[in-house]
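Residue strings, one per chain:
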Amino acid sequence: MTHLQTHLAAVEFDSNLIARYDGSGPRYTSYPTADRFVEGAISEQYCAALRKRQAKDPDSALSLYVHLPFCDTVCYYCACNKIATKDRSRADLYLDYLEREISLVRQEFLTAPKVTQLHLGGGTPTFLTNTQLDRLMQMLKQAFAFMPDAECSIEIDPRRLNEGALELLAHYGFNRMSIGVQDLDPHVQKAVNRIQPAALTQDALERGRALGFRSINLDLIYGLPKQSVGTMQATLQTVLQWRPERIALYSYAHLPERFMPQRRIDTDDLPNASIKLAMLKLAVTTLLAAGYVYIGMDHFSLPEDDLALALEEGTLQRNFQGYSTQADCDLIALGVSAISRIGDTYAQNHRVLLDYYKALDENSLPLAKGLTMTQDDLIRRAAIQDLLCQSRIDIPEFEERWKIDFADYFAPDLIQIHKLAHDELVDLTDQSIYITPRGRFLARVVAMRFDRHLRHATSTAKFSRVL
Ligand code: SF4
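Residues numbered from 1 in each chain as written. Predicted model: local features only at pLDDT ≥ 70, side-chain atom pairs only at ≥ 80, totals over all residues.

To continue, consider the site of the ligand. The immediate surroundings of the ligand are formed by C71, V74, C75, C78, C80, K82, G122, G123, T124, D157 and G180. Of the residues assigned to the shell around the ligand, the class counts are five nonpolar, four polar and two charged. (Near = placed C-beta within 6 Å. Nonpolar A, V, L, I, M, F, W, Y, C, P; charged D, E, K, R; others polar.)

The next thing to look at is the sheet that holds strand 20 (residues 432–435). Taking strand neighbours across the sheet as the criterion, the three strands line up as 18-20-19 in an open arrangement whose pairing is antiparallel. Every other strand in the sheet has two partners, leaving strand 18 (392–394) and strand 19 (426–428) as the edge strands with one partner each. For this sheet, the mean inter-axis angle between neighbouring strands, taken without regard to orientation, is 15°. Strands in contact with helix 13 (residues 375–390) are strand 18 and strand 20; relative to strand 18, the strand with the most contacts, it is inclined by about 125°. With respect to the sheet, helix 14 (residues 395–402) is in contact with strand 18 and strand 20, its orientation differing from that of strand 18 by roughly 65°. (Pairing = 2+ DSSP bridges. Helix = DSSP H or I, 4+ residues; strand = E, 2+ residues; numbered from the N terminus. Axes fitted to C-alpha atoms, helices over the stretch in contact; angles between N-to-C directions. Contact = placed C-beta atoms within 7 Å.)

Take the packing of helix 9 (residues 229–242) against helix 10 (residues 273–289) next. Orientation of helix 9 relative to helix 10, taken along the N-to-C sense of each, is 20°, at an axis distance of 9 Å. Classified by the angle their axes make, helix 9 and helix 10 are roughly parallel. Where helix 9 crosses over helix 10, the two elements pack in a sense that is right-handed. Two secondary-structure elements touch here, helix 9 through V229, M232, Q233 and L236 and helix 10 through I275, A278, M279, L282, A283 and T286. A class-by-class count of the residues in the contact of helix 9 with helix 10 yields eight nonpolar, two polar and no charged. (Parallel < 35°, antiparallel > 145°, perpendicular 65-115°, else oblique. Left-handed = near helix turned anticlockwise from the far one by under 90°.)

Right, let's get into helix 4 (residues 89–106). An ideal rise of 1.5 Å per residue puts 26 Å on 18 residues; helix 4 measures up with 26 Å between its terminal C-alpha atoms. Three or more residues of helix 4 are buried, namely A91, Y94, L98, E101, I102 and V105. Summarising the axial view, the buried residues of helix 4 lie within an arc of 100°, below the 170-degree limit, and thus occupy one face. In helix 4, the exposed residues that point more than 90 degrees away from the buried face are S89, L93 and D96. Against the buried residues of helix 4 lie strand 3 (70–71), helix 5 (130–143), strand 14 (330–334) and helix 12 (353–361). (Expected span 1.5 Å × (residues − 1). Buried ≥ 20, exposed ≤ 12 C-beta atoms within 10 Å, placed from the backbone. Arc of directions from axis to C-beta.)

The next point concerns helix 3 (residues 42–56). Along its 15 residues, helix 3 runs 21 Å from first to last C-alpha, staying within 8% of the 21 Å computed at 1.5 Å per residue. Taken residue by residue, helix 3 has I42, Y46, A49 and L50 as its buried positions. In an axial view of helix 3, the angular spread of the buried residues amounts to 95°, which keeps them on one side of the axis. With respect to the buried face of helix 3, the exposed residues turned more than 90 degrees away are E44, R51 and A55. The secondary structure elements touched by the buried residues of helix 3 are strand 15 (339–342), strand 16 (345–349) and strand 17 (367–372).

Across a regular strand the side chains alternate sides, sitting on one face of the sheet and then on the other. Of all nine residues making up strand 5 (residues 114–122), seven are buried, and the element is well covered by its neighbours. Direction of pairing for strand 5 relative to strand 6 (residues 145–156): parallel, over a ladder of six bridges. Bridge pairing in strand 6 places L118 opposite C152.

This is the structure we're talking about:
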């Protein structure tokens, strides 16, 4: 049996265990998580990290992320950092400032840095007109050296897809897209203010494929108002006919006190925890039966997709975009609220647009907060990556890599892991910690036991839950 076949076989949906262990927890797109970032004085650390990189490895490749925050309507479930407006000219001003940010970042490099990965996220990247999109890509191509085989991806809203936009993206080398779907039921779509007929989604997907986009991802959500096991079944049936290479299945977290648009959702319309669990079970079993591989956390892919192959080869990574096949490379993130990571340093831009503009008006990098990881952070980050990407920690290999005595270093954490082993979420030996088939949907519960910062947190309510 190959590694992949083992993973394929090694998923067990245990409703009781999931219900018992469900609680709020980080999704570990970074460790330490962004809520640990410290305000102020991050620019110096960030520039020092860039200089260190220049001195050590000037030719190593970079990943780029650009945050485009505008949406012309608001989906009521949304928890993203976005700006609702119908005024397309606001994106012109935003691009003026992005240009300044790109120029400030570029000054830190002697030659155009190599880029192997670009992601445009939002908000709604396709809010931009084709002229604006063209300008953005010209700005990026002038400042950075894109490798011919660069992976370029974009989040697509089929409701806001200008005529010719996909062709323009393909011309600039975009080869991946992620399409927000959530649920195809008209009542659910009305309840969340996102009317998106199935034909629109199918059209975007098919046109993308015809233009050479591959690894097309569809986002689905369970736990939305008016959703039921029946609506989930119907949505899955249609989505599976389209056979997207990747499917992300997210849980809706109703936190109206934090996210204003969610106050428009009638709580009476929300499915309860047991219906959510039933929807999750249906979705998971349906996707597995249809031949999808469970990658981890919220992600599934077809067995021939790069994500499944990376899982098989043990090269899967986790970063701000979720799971990735790219080696763990530095990330430069541009735009309001975007988070960069260079070497050991995380740095986040201002979250409020006017603060972001003000910093750039002062000719400063628009950084608000961040942190430089300690050696302990790096060790724990590696442990969490191993658990979420490989479902195991190989203890002798880990000790060799980090020059530690595992049992000694993680003594308090291992007491907690022993409790999880008692419930058969993990197999724990002197040689490895292995997440069992019934523990795989609760991998982040295992990862949380290695999170030193969580031990000191007063509450985890700010994080999402499974149910
Ligand atoms: S879900 Fe996406 S499209 Fe909807 S409001 Fe949020 S960012 Fe905009």
